[in-house]
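Observations on the model geometry
In case you want the letters, here they are:
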Amino acid sequence: MTLLDPRALEGAEPVEAVDACFLPQLDDAELAALEWTTRRVGDVPLRGPVVTPALVEVLCERLLRAQAEVLADRPVMEVLETVGRVVARWSDPDLPQRRTAEQLLPRITGYAPDMVRRGLRDHLRTFRRDRLLRFLAQDFDNPLVLDGFQPNRAGGLSRAYGPRLTTQVFAGNVPGLPAWNLVCALLVKSATLGKSAGAEPLFPVLFAQTVAEEDPGLGRCLAVVHWPGGAEDVEQAAFARSDAVTATAGLRATESLARRVPVGVPFVPYGHKVSFAVVGSEALALTRYAETARRVARDVSQYDQQGCLSPHVVFVERGGAVDPRAFAAALAAEMDRYEQARPRARLRLEEDAAVTAVRAQYELRSYDDPGVQVIASSPGTAWTVVVEERPERFAPSPLNRVVRVHPVDALEDVVPLLLPLRHHLQTAGVACAPERLDAWASLLGRCGVDRVCAVGQMPQPAAGWHHDGRGSLAALVRWTDVEGAAETEVERYDPEWTRPSHPPDAGGRR
Amino acid sequence: MNGRSPTVPELGELDRRLLAWIEASAQTRDDGGPTQAQEAEFDRLALDLFADQYERNRPYRRYCRARGAEPGQVRGWREIPPVPLSAFRELTLSCAPPEQAAAVFTTSGSTDPGRRGRNHHPHLHLYDASLRTGFRQWFLPDRAQLRLLVLNPPPEQQPHSSLAYFLQRLVDSFGAAGSGTFVGAEGLDLDGLLAALAAAERDGVPVGLLGTSFAYVHLLDALEAAGTAFRLPPGSRVLDTGGFKGRSREVPAEALRTALGQRLGVPDAWCVNYYGMTEISTQYYDTSLRRAWLGRDPAPRVKAVPPWARVQAVDAGTGRPVPPGQRGLLVHHDLANRGSVLAVLAEDVGHLAEGGPAGGFVLLGRAQGSAARGCSLALDELLAANEGGRS
């Protein structure tokens, strides 16, 4: 008996198996000697080698060698220029890798083609040459610390060393995300052993290909393969040879990794974060509220809420020209409009069931609670807006375009709902009068939010954002400081002063 | 509750018709599935029960109205709207004043008592008839009584557990001499159970073990640690239910049956799993034992739907039935679920066996909500974080 996957029913043309790995370190004979398997993701067959500890050892050894040869001593600005040229290639709609991504990623992920196309374009713009300069400037007062010792504020010298090799566990929820990890590692002169995600393993491979086309040397500093998460022997082999490990993963996978990364090796986890929006009364003016609703609808709908940047909840201030209920209705209308233009991905049964369950739960509550209302697409689960006047807590969305609207009297009312989640909060999209922005940002920051942006821009963080509250680059480097006193003291040992013709105590007296 | 059938005022007319239908189905049941006349009678009973529940169950009435489903307009059991499980948490779905209920069974899933599902039973006559008829048909077709060894706490310890009540009623109704419960306040009474198994083996008296799946894992682990195995006499059998819910390591059903064969000497087909839940009043048994007893091939393993219930698999997004073989959420129409709502949308995934509802169904497990993709947070993970933040 065949159990049908709904996505297998889509009528797209079958495609030939695509190689979803990037291994410039291996020659043809070595590649042929590997055991290969083909996995179907969505309706796309993806081919890759079976990853063993032995393969990882070989890859790490060659990645380390490449890093020493072509990356360790390359000036940071040269690396930046190269990455900038790679990203510029992706702005060309005819770039073969971009065309492959636009053709296959919708079929792999189920996201609407238009959403993938725009999403990739907007995301990659974050890494244009001018924005890369911002990345560096955000984390380093003087980016030349990556090339050599530079004066520091304490009166000495400092130099930042990136990892020689970083094992990076990539996310698969939002296409394009691994570009962030790959670019950050290159900027601090680290090679990357990338573990691609089961749900979307192709993008990092395509991106790495363009790096190699632009600069084959840099390409040899990147390897991308897929292995099942939690394969302890493989990961042990990788971690033992890495100077850092990053992971964009769920809570359990992150905990598991954190236990296994050797002590002393920096572990930089990204993920398991939630975001939300706050709409002030000023944004509910008769001339503004529809546009505000459209922006919020876009934030919710983009990538079907799968990203950590997507809002789960919208807090709407009372006292505006339209009340929160009317705003919720406008939001629902805009969610519907977005669905017409960029339909949500088809869901697995379990995902559909989760949306249905939340709808039912709130519908039943609305019988006895006039403060609860469900506005939803029908038939089907394309989008759902739930109004809840008195939430017990900040309840996470089951994702896939389900958003709760909570009316509030003031931002202060939001604080008790945010505090229990303070370790998990990420982006707050805000819409308010200019004079309130600073006060709101202060309050939100105190609650744990690490990014405040305008509604409508939640899915596109600006270059240089302290990703999840840390420096994207600073989190990867270690520092070596030369103390100012050492500089002075070594003068003692200047051979000029230690020659017998001088008195023994003359050093330093200049 | 003390395990005795509660005394209630005389049953109403509809209750008597339902009771007669359930009890008669033991005699009239054909392993080939319902006849046309039986299907028509099921429809009549379902619509009458729906009308009664619509009338007396206010929140359910509201739920039906929102879907344009009213008695008189609903023409067949398939059109009776199923309530999701959350309705048993959010609402009091009782057809009679809740305080007069003979039993209120609650789910065990949540730590927050206010968020537990509750199923109200004004009386348990239909519940008892359903459990007896099903058990006899699928677990005890060959004899009137059997020595039953229960690996689950008694109702005194768990007064609101439908499982504890269910198992105690089975012992009351079908338990031969030597039947007993082997879980107390201190947990599994392993010594007592081993003694009972040894006695059964020595005396050649077949036994039936009844319990949750994870209870057997604990038993099997203990037997393995002690290096002990039994060859229980022919006619011995095992009934298990439920998943593992973090109470023991997860063991696939096949592996559990293999281990039960090795450690207890119970043949594969005589290891029967049943599926039931607090929100309904019927149990669905594997057909393997009955088929083996009838001399038929016990495979494939499917769950039987008794004549007083219907099971559908539906699309989770639209609620529309999906064809046999295709995964869907399970919907129950259970005539024994007298006190609340006869139609229930479960959170379990399964598919109908080929041959339609009469062919039974295959239970695949719980719908686990949306799995976290990448850095988006899984629902349960965040809920756990949330609870942690509150404490």
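Residues numbered from 1 in each chain as written. Chains lettered and ligands numbered in written order. Predicted model: local features only at pLDDT ≥ 70, side-chain atom pairs only at ≥ 80, totals over all residues. Heavy atoms only, no water.

**Side note on the overall build of chain A**
The secondary structure content of chain A amounts to 18 helices and 18 strands. Rg of the C-alpha trace for chain A: 26 Å, near the compact-globule value of 24 Å for 510 residues, within the 12% margin. Seen along its three principal axes, the alpha-carbon backbone of chain A occupies a region of about 100 × 60 × 40 Å. Across the 510 residues of chain A, 56% fall into the buried class. Expressed as a percentage of contacts within chain A between residues at least 6 apart in sequence, the contacts between residues at least 24 apart total 75%. Within the structure as shown, chain A displays about 21100 Å² of accessible surface, and the carbon and sulfur contribution to it stands at 51%. Of the side chains in chain A, 58 bear a positive and 67 a negative charge, and the two mean positions are spaced by 2 Å. (Helix = DSSP H or I, 4+ residues; strand = E, 2+ residues; numbered from the N terminus. Rg over C-alpha atoms; globule rule 2.2 N^0.38 Å. Buried < 20%, exposed > 50% of the residue type's maximum accessible area, 1.4 Å probe, protein only. Contact = heavy atoms within 4.5 Å. Areas by Shrake-Rupley, 256 points an atom, 1.4 Å probe, with all protein chains shown as cover. Lys, Arg positive; Asp, Glu negative; His and termini not counted. Charge placed at Lys NZ, Arg CZ, Asp CG, Glu CD.)

**So, the packing of helix α3 (residues 76-90) of chain A against helix α6 (residues 129-139) of chain A**
Residues and elements named next belong to chain A. Axis separation between α3 and α6 bottoms out at 9 Å; the angle between their running directions is 140°. On the basis of their axis angle, the class for α3 and α6 is oblique. Considering only the axes of α3 and α6, their crossing is right-handed. The residues of α6 that touch α3, namely those facing Val76, Met77, Leu80, Glu81, Val83 and Gly84, are Arg129, Leu132, Leu133 and Leu136. Residue classes in the contact of α3 with α6 are distributed as seven nonpolar, one polar and two charged. (Axes fitted to C-alpha atoms, helices over the stretch in contact; angles between N-to-C directions. Parallel < 35°, antiparallel > 145°, perpendicular 65-115°, else oblique. Left-handed = near helix turned anticlockwise from the far one by under 90°. Nonpolar A, V, L, I, M, F, W, Y, C, P; charged D, E, K, R; others polar.)

**Focus: the confidence of the model for chain A**
Within chain A, residue pLDDT values average 92, and 95% of them lie at 70 or more. Scored below 50 in pLDDT, residues 1-11 of chain A makes 18 contacts in the model with residues more than four places away or belonging to other chains. (pLDDT = per-residue confidence, 0-100.)

**Digging into helix α4 (residues 96-109) of chain A**
All names here are of chain A. With 14 residues, α4 should reach 20 Å at 1.5 Å per residue; the first-to-last C-alpha distance of 20 Å fits that figure. Along its length, α4 shows its largest kink, about 30°, at Gln103, and proline Pro106 lies within four residues downstream of that point. Listed in full, the buried residues belonging to α4 are Gln97, Arg98, Ala101, Leu104, Leu105, Pro106, Arg107, Ile108 and Thr109. Elements in contact with the buried residues of α4: β1 (18-19), β2 (36-41), β3 (44-49), α3, α5 (113-125) and α8 (203-214). Gly110 sits one or two positions beyond α4 and adopts a positive phi of about 85°. (Expected span 1.5 Å × (residues − 1). Bend = angle between axes of the 7 residues up to and from the residue.)

**A word on the sheet that holds strand β18 (residues 478-482) of chain A**
All names here are of chain A. Strand order in the open sheet formed by three strands is β4-β5-β18, and the pairing between neighbours is antiparallel. Edge positions in the open sheet fall to β4 (150-151) and β18, since each of these has one partner strand only. Where β4 lies against strand β5 (residues 157-161), two bridges are found, and the strand directions are antiparallel. Within β5, the residue paired with Gln150 across the bridge is Ser158. (Pairing = 2+ DSSP bridges.)

**Examining empty space enclosed by the protein**
Residues and elements named next belong to chain A. The full count for this structure, using the stated rule, is four cavities of 30 Å³ or more. What the largest cavity holds in volume is close to 280 Å³. Taken together, 23 residues line the largest cavity, and the ones lying closest to its centre are Val174, Leu177, Leu309, Pro459 and Pro461. Of the residues in the lining of the largest cavity, the class split is 12 nonpolar, 10 polar and one charged. (1 Å grid on protein atoms, 1.4 Å probe; cavity = no way out; pocket = protein on both sides within 12 Å on 5 of 7 lines; lining within 4 Å. Points joined across faces, edges and corners; volume = space filled by probe spheres on them.)

**Quick word on the nonpolar core**
By size, the foremost hydrophobic cluster in this structure holds 100 residues, and its most contacted members are Trp90, Phe127, Phe135, Leu193 and Phe207 of chain A. The dominant element in this core, judged by the number of residues it contributes, is helix α2 (residues 53-71) of chain A, at nine residues. When near neighbours in sequence (up to four residues on either side) are disregarded, Trp90 of chain A contacts Leu95, Gln97, Arg98, Ala101, Leu124, Phe203, Leu206, Phe207 and Thr210 of chain A. Counting residues in hydrophobic clusters, the runner-up holds 53 residues, among them Leu124, Tyr127, Tyr165 and Cys271 of chain B. (Core = buried A, V, L, I, M, F, W, Y, C linked by side-chain atoms within 4.5 Å.)

**What about the pattern of salt bridges?**
Residues and elements named next belong to chain B. By the definition in use, this model includes 60 salt bridges over all chains. Its salt-bridge partner being Arg338, residue Asp52 comes within 3.0 Å of it at the nearest N-O pair. Here Asp52, found in helix α2 (residues 36-56), pairs with Arg338, found in the loop between β13 (328-334) and β14 (343-352); they are 286 residues apart in sequence, far enough to count as distant. With a shortest N-O distance of 3.3 Å, Arg169 and Asp128 are connected by a salt bridge. In this pair, Arg169 sits in helix α6 (residues 162-174) while Asp128 sits in helix α5 (residues 125-138), placing the two residues 41 residues apart along the sequence. Comparing Arg169 with Asp128, the two get one shared label, buried. By sharing partners, the salt bridges in this structure join Arg257, Asp268, Asp286, Arg301 and Lys303 into a single network. (Salt bridge = Lys/Arg side-chain N within 4 Å of Asp/Glu carboxyl O.)

**With respect to the sheet that holds strand β12 (residues 311-317) of chain A**
Strands pair in a sheet through their backbones, by hydrogen bonds, and they do so in one of two ways: parallel or antiparallel. All names here are of chain A. Spatial ordering of the open sheet is given by β13-β14-β15-β12-β11-β16-β17, a layout of seven strands whose pairing is mixed. With partners counted over all chains shown, the strands left at the sheet margins are β13 (372-376) and β17 (451-454), one partner each. Direction aside, neighbouring strands of the sheet carry axes that sit 20° apart on average.

**Remarks on the packing of aromatic side chains**
Throughout the structure, instances matching the rule amount to 25 aromatic pairs over all chains. Judged by centre distance (6.2 Å) and plane angle (35°), the rings of Trp90 of chain A and Phe207 of chain A are tilted. Of this pair, Trp90 of chain A sits in helix α3 while Phe207 of chain A sits in helix α8; the two residues are 117 residues apart in sequence, bridging distant segments of the chain. Look at Phe105 of chain B and Tyr165 of chain B: their rings are 5.6 Å apart centre to centre, the planes differ by 40°, and that puts the pair in the tilted class. With Phe105 of chain B in strand β2 (residues 103-106) and Tyr165 of chain B in helix α6, this residue pair connects regions lying 60 residues apart in the sequence. By relative accessible area, which is 0% here, Phe105 of chain B ends up buried. (Phe/Tyr/Trp six-rings, centres within 6.5 Å; stacked < 30°, edge-to-face > 60°.)

**Digging into α6 of chain A**
Residue and element names in this part refer to chain A. When we look at burial in α6, the residues that qualify are Leu132, Phe135, Leu136 and Asp139. Projected onto a plane normal to the axis of α6, the buried residues spread over an arc of 90° and lie on a single side. Exposed side chains of α6 directed beyond 90 degrees from the buried face belong to Arg134 and Ala137. (Arc of directions from axis to C-beta.)

**A short note on the environment of Leu444 of chain A**
Residues and elements named next belong to chain A. Take Leu444: it is sitting in helix α16 (residues 434-446). Taking C-alpha positions, Leu444 is 31 Å from Glu351, a pair spaced 93 residues apart along the chain. Not counting chain neighbours up to four residues away, the residues in contact with Leu444 comprise Phe276, Leu411, Leu418, Ala428, Val430, Val449 and Val452.

**Looking at the pairing of strand β6 (residues 165-169) of chain A**
Residue and element names in this part refer to chain A. Where burial is concerned, most of β6 is hidden: five out of the five residues are buried. By the alternation rule, side chains of β6 split into Leu165, Thr167 and Val169 and Thr166 and Gln168, which are all buried. Pairing geometry for β6 and strand β7 (residues 191-195), over five bridges, is parallel. Pairing of Gln168 across the sheet is with Gly194, part of β7. Handedness of the crossover joining β6 and β7 through helix α7 (residues 178-187) is recorded here as right-handed. Across four bridges, the pairing between β6 and strand β9 (residues 244-248) is parallel. (Right-handed = clockwise from strand over helix to strand, strands pointing away.)

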